[in-house]
Amino acid sequence: MTPEEQLAELGLTLPPLRRPAGHYRGWTTAGDVLHLAGQGADGHTGRLGADLSVADGYAAARACALNLLAQTRDALGSLDRVAQVLVLRGYVACTEDFVDQPAVIDGASDLLAAVFGERGEHARTAIGVRALPKGFAVELDAMLRVR
């Protein structure tokens with residue numbers, strides 16, 4: 001199954017492209033590497049450990065991953081051109097005692113693996129931060145090898 005067919009099988013559609021929150025592009029390329037700018041997800045605001053649960057954060061990370069995929073399709077024309085998800089960086093707005101950032105970012109990692117199979121397996125960072133732009137609960141950026 002193609003990644004687009006896999007998304008449909010999961011009952012998911014890619015959202016419209018988000019407008020940048022500042023002076024930057026949603027993606028750039030260098031050789032065979034696609035760099036995706038940070039993506040939050042509308043409707044997923046707040047702080048983990050204060051007003052959001054791990055399940056809420058997981059859903060936010062999944063929504064952010066869909067925004068990354070929308071940027072990917074914009075850059076490449078098709079998700080079929082993704083050879084490998086190389087790196088996923090996840091930032092979680094949370095209280096200082098919240099320690100479940102990896103469980104939150106699993107929302108994105110699980111989705112990428114479901115869409116791309118082994119090509120979706122990646123290196124990853126999950127970082128807790130005090131605040132994110134626009135009050136987002138989660139923000140993701142990524143690097144992908146493309147063909």
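Residues numbered from 1 in each chain as written. Predicted model: local features only at pLDDT ≥ 70, side-chain atom pairs only at ≥ 80, totals over all residues. Heavy atoms only, no water.

Q: Talk me through the overall build of the protein chain; I want residue IDs and the actual numbers.
A: Broken down by element type, the protein chain carries 3 helices and 5 strands. For the protein chain, the succession of helices and strands along the chain, N to C, is α-β-β-α-β-α-β-β. Against the globule reference of 15 Å for 147 residues, the protein chain gives a C-alpha radius of gyration of 14 Å, in line with a compact fold. Dimensions of the protein chain, computed from C-alpha atoms along their principal axes, come out at roughly 40 × 35 × 25 Å. Looking at the protein chain as a whole, 46% of its 147 residues qualify as buried. (Helix = DSSP H or I, 4+ residues; strand = E, 2+ residues; numbered from the N terminus. Rg over C-alpha atoms; globule rule 2.2 N^0.38 Å. Buried < 20%, exposed > 50% of the residue type's maximum accessible area, 1.4 Å probe, protein only.)

Q: Tell me about the sheet that holds strand S2 (residues 33–39), and name the residues and values.
A: Pairing is mixed across the open sheet formed by 5 strands, whose spatial order is S1-S2-S5-S3-S4. Both edges of this open sheet fall to strand S1 (27–30) and strand S4 (123–129), since each of them pairs with a single strand only. Going from strand to strand, the sheet's axes swing by 15 degrees on average, the running direction of each strand aside. Of the strand pairs in this sheet, S1 and S2 are connected by 4 bridges, and their pairing is antiparallel. When the bridges of S2 are listed, threonine 29 appears paired with leucine 34. Together, S1, S2, strand S3 (82–93) and strand S5 (138–146) form the strand contacts of helix H2 (residues 54–76), whose direction differs from that of S5 by roughly 40 degrees. (Pairing = 2+ DSSP bridges. Axes fitted to C-alpha atoms, helices over the stretch in contact; angles between N-to-C directions. Contact = heavy atoms within 4.5 Å.)

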